[in-house]
Structure formats: C-alpha cells, structure tokens
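If you want the building blocks of each chain, they are given just below.
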Amino acid sequence: MTTTYVQTAVDPADDARPPDSDRSRAENRLARKLVAPALVLMLLVTAFPMLRALYLSLFNYSLTDPDAREFVGLANYATALSDPLFWRDTGNTVMIMIVTVAVELVIGFAFAMVMHKVIFARGVIRTSILIPYGVITVVSGFAWQFAFSNTNGFVNSWLPFTSDDFNWFGQYWSSMVAIMASEIWKTTPFMSLLLLAGLAQVSNDMLEAAKVDGATWWQRLYKVILPNMRAAIMVAVLFRALDAYRIFDNIFVMTAGANGTESISFLTYRQVIEQFQLGIGSALSVLLFLSVLVVAAVIVKLFRVNLADARQES
Amino acid sequence: MGKSLKANIGTIVGCALILIWCLLPVAWIISLSFKSQQAVTNGSPGFFPSKGGGAGWSNYTDVLQDEQFRRAIINSVGISLIATLLSVIIATLAAYAIARLEFKGKKFVLTTALVIAMFPVVSLVGPLFDMWRTFGIYDTWLGLIIPYMSFTLPLAIWTLSAFFREIPWEMEQAAQVDGATAWQAFRKVIVPLAAPGVFTAAILTFFFAWNDFVFGISLTSTERARPIPAALSFFVGADPFNRPASLLAAGAVVATVPIVILVLFFQRKIVAGLTAGAVKG
C-alpha cells in the first residue's frame, strides 16, 4: 500500500527545536483543532459511506422493493465474482489503464522534453497544454465522439486506412480506440507537466559530464535522465493509472457501454443508480475499491521507489 | 552550428505538434458549433462547416435561450464556487498545521488525503445516494457541495502544504521581535506570502469541481441542482448515437469558456500548483 511510503517531510527547523513538552503539547492541541474540520469532512464522505457499502453489500437489497431486504452474507460477492460481465469489465478497465498510461508516458515525455528545451513562446505552449487539462471530460468525450462519427466527423476522411463510412462505434475494438483516444488526449498534458517538473530536477552538470565523456543522446537518456527521474515518473504513473482505472465519463458519453465497452465503474454505476440494486451494487463498490488498492500496491512495488525519495529530491 | 540548427528545428516541430495536439479538438468543437443542425443531420463530414452548412451564432442563441442549460450553468457556477471557497478555507487550516506545526497524526492526515485522492468515486455513489435521500439533501446544492469538498480537500491540502513548506516562517518571529503583535506579524508577513498558494489551490479545486460528472449525474435528478457536465450528457435524448451535435457543441463551448479564461490568466500558477502538489507533495 502507499501508506508506508508517505513521508511527513519534517522541517529541519522543527528538529532543531529543543524538546519542550508544554510547548509541544500546546502545538499538538492547536494542530488537532486546525486539522479536525478537514479530516472529519473527508472521512464523513468517504470512510463512513464505504463502511455502509460494506454493510449493505451483505444484503439482498433493492430500492424498488426495500421491504424485501434480507441478509445474504457474501452471496453478492459470489454473484459478482462469478459473473463474466464483471470480469469482462475489469478486463476492459485494466486494458484502458495500461494502454492509455503507456501511450501517455511516451507522448508526455516527448512533450516534456520539448517544453524543457523551449525558450521562446514558453507561455503560449504552457497555456495551450493546460487547455485539455481544463476541458470537462464530458466535453472532450463529445468532441471525440463527433470527430470519429461516420456521418459528421472528420477522422475517417483524414485517416488514409479507413473508408469514409467506417463506423467506429459499430464494434468493440474501434469503440475502444475512440474511448482511449479521448482519454489520452485529455490527460497527456497532465502527465507531461509532471514529467517536466521531474526533468527540471535532473542536474545539468551530470548531463554535461556525460556529454564530455562521449555519451550519445540515447545513452544520456537511459543512463542519466531516466534514472534521475524515477521518482517523478512513478508519481505520474501512479496518479494517472489510478485515475484511468476509474474511467467513467468518457465511456458514458461516447458509447454508454455499447459493444461491451463498459468499465468496472460503469457497471457499478449501472447497478446502483440505474437499477437501484444497492446490495449487489455495494458489493461491486467494495470490489472496485479493493481493486484500486491492489493496482496502487502493484505500481508502487513495480517501481520500488518510495514517495519519500520524491520529496527529498525536490 | 549545423547541429544546433537541427536541434532548433526539432524543438520547433515539437512545439507545433504540441499546439496541434492541444488545440485541434478544441478547434473542431468550435467549428462544429457553427454548423447548422440540418447540415449535421444530413451528414456533413469534414472539419469546417461546408458551404451553406454554416449556422452563424444560431446554435449559441438556441443554447443560451434554453432554460435547462441556463439553470445548469448557474448550478455549476454556484456549487463549484461554494465548494471551492469552503474547501480552500478548511484546507488552509490543515495545511498550515501540517507545514508549520509538529503534531502526532500528521502522517495519518496526509495519508488519508492521499488515499481519498485515489478513491474510486463511483464506489461512493451508492451509499451516498441512499444516505442523501434519507437526509433530504438528494438533488440539492448541498448534496453536491459536500462530496465535492471532500474530494477537493486532498488536492488542496497537498498543494497548499507543499507551498506553505517553502514559506520562511522565521520572518514572522522576526517581525514580532521588531515590535509587531502576533496577529500583525501573521497578517503583514505570512498572509502575503501564502496568498498565491491559496489562490492556486482555489483554481485547481474549482477545475476539479467544475469537471465532476459522476456525482453530478448520480446525486441529482432534476434541474434543481444538476451541474453542466451532467446536463450536457442529458441534453436531448437517451440515444448516444443521434445527438444534436452542433447544438451540443455550442453548449460544450459555453461550458468550456470559463475554464479557458482561468487558464489564460493563471497559467503560471496552475502549472506551479499541479507540480507542487504531485511531485513535491
């Protein structure tokens, strides 16, 4: 889990302060008061409903027939986990996450390299790169759906390998491509800004030294730049991956889950809000939450970097 | 010389690609918003409105005259602003404590914030839907403000505590030594230093609230509280394949304008905030 890796950046000035129990007790009290509203609010809207979901998931409970609510133990989980729909949607979600993050990492890094080099027009580039970040996801979903549309879009006429009447939303793979294109367009800028911040931390002296020693561009990239950016890359990947894993807006707008393009978030939403199945929906909510934790743990393990390092380097 | 020229060309091409990447879909949706309904329905592929297929500003006037759309904009502005204001105030208190004071449980607060930032929003929708109906705040501004706040707080706390850590707090004591009262020292020295960070956190928080979709469609049922992203998705019809594209495009442009204005004015701050919260945080 990420928790063990979070460091609470201790201000060196605080360390130097002589231990003074009265004072530290007063500080503790003040700090608690200041932090309390934020903590209470965050827990009230997340921890409490999550516990409630855990509780509701043990019932057969439909809002259309609330009186028939009955305790069923773990049956909802068994139903969910044995349903091919659940696995299909999880598969979709994982695929979207891996493909979009991988593509974004490459394009985002290229963008970051360019932005790192640019001296002129820096403001223009940075302003433009924030526009996709700022555009509402629903709007970018529309923009791309209309762009891929075979009746009034432009993608078909611009792409050399598709016929003009190719229906992107007619089958699974092309629908997925369109969904992922929208996701990638919208979030690559965020990735590139994080990577740009990481690039800024790579020491120029080291790069110069490598250059003097005769390292080629690729060698400098692999031996100097990337290793020194590991922490920044990991943070970017972790944030984006967990964000991609929650994908919902784009799918809702672009295909509404047609052709088997549903994500795990979408399945949960459908059960709870559209079908009022709070029992099974809650079980799905819990499974979704657990799978996010698994994804986070895997990414943190994979990179073997802790967030504390990211702090110290900055 | 030849090498630096080559590098320069590479950078220029790179810049051009970035600009195309960022602006093409935006240009496309603007172009679409000027096509006439009829041209779109009859099928008018191509990037720009074809000859005779233009609609001038009529899509915009139609959208702006739409009562539901107007309500949605008001809802979005109101809910996002209130959520931003409240969450920045609360986050400022917390971030001040985190950056300035030593206390037990600091790690717990930061970890909680991080976990919530990664929380799958949809998994809360069911229980909240149920609870809000019991409390009677389903389909109200309050019913959206509360979840927005809890989800914007982590972002604001991380961004702000990263900013606050950079503030030379000793200056406050120095001012007191020079004869200022504690309050004067705080107001005259710390507040001006902290203000840009607070402002940045506010912009990011506003973006977040403005962009929300899951809560917007799940916790509202009428135009009483439905925010703009949800309203756009419900705009005419359940059939996602036959939407009034050009009208929607005009609506989308209107909904995007406030964000673009914020980006244009505060580009520097937003970049600083995004990277401070994530990389340094």
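None of the values given here were measured: they were computed from a predicted structure.

## Observations regarding the interface of chain A and chain B
Here comes step 1: Listed as interface residues are 104 residues of chain A and, on the opposing side, 101 residues of chain B.
Here comes step 2: Summing the contributions of chain A and of chain B, the shared interface buries around 9,400 Å²; its carbon and sulfur component is 78%.
Here comes step 3: Summed over the shared surface of chain A and chain B, the number is one salt bridge.
Here comes step 4: In this assembly, chain A and chain B are joined by nine residue pairs in polar contact (both at pLDDT 80 or more).
Here comes step 5: Sorting elements by how many residues they give to the side of chain A that touches chain B places helix α2 (residues 21-45) of chain A first, with 14 residues.

## Looking at unusual backbone geometry
Glycine aside, residues mostly have negative phi angles, and peptide bonds mostly take the trans form.
Here comes step 1: Positive phi, normally seen in glycine, also occurs at A:A256, with a value near 55°.
Here comes step 2: Of note, A:A256 is situated in the loop between α13 (249-254) and α14 (264-274).
Here comes step 3: For A:A256, a relative accessible area of 38% corresponds to the partly exposed category.
Here comes step 4: A positive phi angle is found at B:D139, which is not glycine, with a value near 60°.
Here comes step 5: Along the polypeptide, B:D139 turns up in the loop between α6 (122-135) and α7 (141-165).

## Focus: the packing of helix α10 (residues 204-212) of chain A against helix α11 (residues 217-228) of chain A
A packed helix pair is summarised by two numbers, namely the angle formed by the two axes and the spacing between the axes.
Residue and element names in this part refer to chain A.
Here comes step 1: Interaxial distance between α10 and α11 falls to 10 Å at its minimum, and their mutual angle equals 165°. In terms of orientation, α10 and α11 fall into the roughly antiparallel class. By crossing handedness, the relation of α10 to α11 is classed as right-handed. Note on element contacts: α11 touches α10 through R220, V224, I225 and N228, opposite M206, L207, A210 and K211.
Here comes step 2: The residue inventory of the contact of α10 with α11, partitioned by class, reads five nonpolar, one polar and two charged.

## Digging into the layout of surface pockets
Here comes step 1: Estimated volume of the largest pocket: approximately 1,100 Å³.
Here comes step 2: Looking at the lining of the largest pocket, the elements with two or more residues in it are α5 (84-117), α10 and α11 of chain A together with α1 (2-33) of chain B.
Here comes step 3: Counting residues per element, the lining of the largest pocket draws most heavily on α1(B), at eight residues.
Here comes step 4: Looking at the lining of the largest pocket residue by residue, the class counts come to 14 nonpolar, six polar and six charged.

## Examining the UniProt feature "transmembrane region" (unreviewed entry) in chain A
All names here are of chain A.
Here comes step 1: Mapped onto the present numbering, the UniProt feature "transmembrane region" (unreviewed entry) falls on residues 34-55, 94-115, 127-148, 168-185 and 276-303.
Here comes step 2: Regarding residues 94-115, the helix share stands at 100% and the strand share at 0%, and the terminal C-alpha atoms are separated by 30 Å.
Here comes step 3: Taken end to end, residues 168-185 is 78% helix and 0% strand, and its two terminal C-alpha atoms sit 17 Å from one another.

## Side note on the pattern of salt bridges
Residue and element names in this part refer to chain A.
Here comes step 1: Tallied over the entire structure, the rule returns 11 salt bridges over all chains.
Here comes step 2: Between E262 and R88 there is a salt bridge, and its shortest N-O distance comes to 3.7 Å. With E262 in the loop between α13 and α14 and R88 in helix α5, this residue pair connects regions lying 174 residues apart in the sequence.
Here comes step 3: Among the residues examined, R88 registers a relative accessible area of 35% and is labelled partly exposed.
Here comes step 4: One network of salt bridges, with partners in common, ties together E104, E183, R240, D243 and R246.

## Section: the UniProt feature "transmembrane region" (unreviewed entry) in chain B
All names here are of chain B.
Here comes step 1: UniProt records the feature "transmembrane region" (unreviewed entry) at residues 12-34, 72-96, 108-129, 141-164, 189-210 and 245-266, using the numbering of this structure.
Here comes step 2: The distance from the first to the last C-alpha atom of residues 12-34 is 31 Å, and the span holds 96% helix and 0% strand.
Here comes step 3: Note that residues 245-266 is 100% helix and 0% strand, and that its end C-alpha atoms are spaced 31 Å apart.

## Quick notes on the UniProt feature "domain: ABC transmembrane type-1" (unreviewed entry) in chain A
Here comes step 1: Per the UniProt record, "domain: ABC transmembrane type-1" (unreviewed entry) is found at residues 90-299 of chain A.
Here comes step 2: As a span, residues 90-299 of chain A carries 77% helix and 0% strand, and end to end its C-alpha atoms are 17 Å apart.

## Side note on the packing of aromatic side chains
Here comes step 1: This structure, assessed with the given rule, holds 40 aromatic pairs over all chains.
Here comes step 2: Between A:F142 and A:F146, the ring centres sit 5.9 Å apart and the planes meet at 10°, which makes this aromatic pair stacked. With a gap of four residues between them, A:F142 and A:F146 both fall in helix α7 (residues 137-148), about one helical turn apart.
Here comes step 3: Looking at A:F142, the relative accessible area reads 1%, which means it is buried.
Here comes step 4: You can call A:F146 buried: its relative accessible area is 5%.
Here comes step 5: Consider the rings of B:F199 and B:F266, whose centres lie 4.9 Å apart with planes at 75°: the pair is edge-to-face. Taken together, the residues span a long stretch of sequence, with B:F199 in helix α9 (residues 182-211) and B:F266 in helix α12 (residues 245-280) at a distance of 67 residues.
Here comes step 6: A residue is classified by how much of its surface remains accessible, and B:F199, at 35% relative accessible area, is partly exposed.
Here comes step 7: Among the aromatic residues, ring-to-ring pairing joins A:W144, A:F148, A:F166, A:W168 and A:W185 into one connected group.
Here comes step 8: It is A:K186 that lies over the ring of A:Y133; its NZ or CZ is 5.9 Å from the centre.

Cut-offs used in this document
Residues numbered from 1 in each chain as written. Chains lettered and ligands numbered in written order. Predicted model: local features only at pLDDT ≥ 70, side-chain atom pairs only at ≥ 80, totals over all residues. Heavy atoms only, no water. Contact = heavy atoms within 4.5 Å. Buried area = accessible area lost by both parts, 1.4 Å probe. Salt bridge = Lys/Arg side-chain N within 4 Å of Asp/Glu carboxyl O. Polar contact = N/O pair within 3.5 Å; in protein donor to acceptor, adjacent residues only side chain to side chain. Helix = DSSP H or I, 4+ residues; strand = E, 2+ residues; numbered from the N terminus. Buried < 20%, exposed > 50% of the residue type's maximum accessible area, 1.4 Å probe, protein only. Axes fitted to C-alpha atoms, helices over the stretch in contact; angles between N-to-C directions. Parallel < 35°, antiparallel > 145°, perpendicular 65-115°, else oblique. Left-handed = near helix turned anticlockwise from the far one by under 90°. Nonpolar A, V, L, I, M, F, W, Y, C, P; charged D, E, K, R; others polar. 1 Å grid on protein atoms, 1.4 Å probe; cavity = no way out; pocket = protein on both sides within 12 Å on 5 of 7 lines; lining within 4 Å. Points joined across faces, edges and corners; volume = space filled by probe spheres on them. UniProt positions renumbered as here; feature names shortened; annotations may be inferred. Phe/Tyr/Trp six-rings, centres within 6.5 Å; stacked < 30°, edge-to-face > 60°. Lys NZ or Arg CZ within 6 Å of the ring centre and 35° of its normal.

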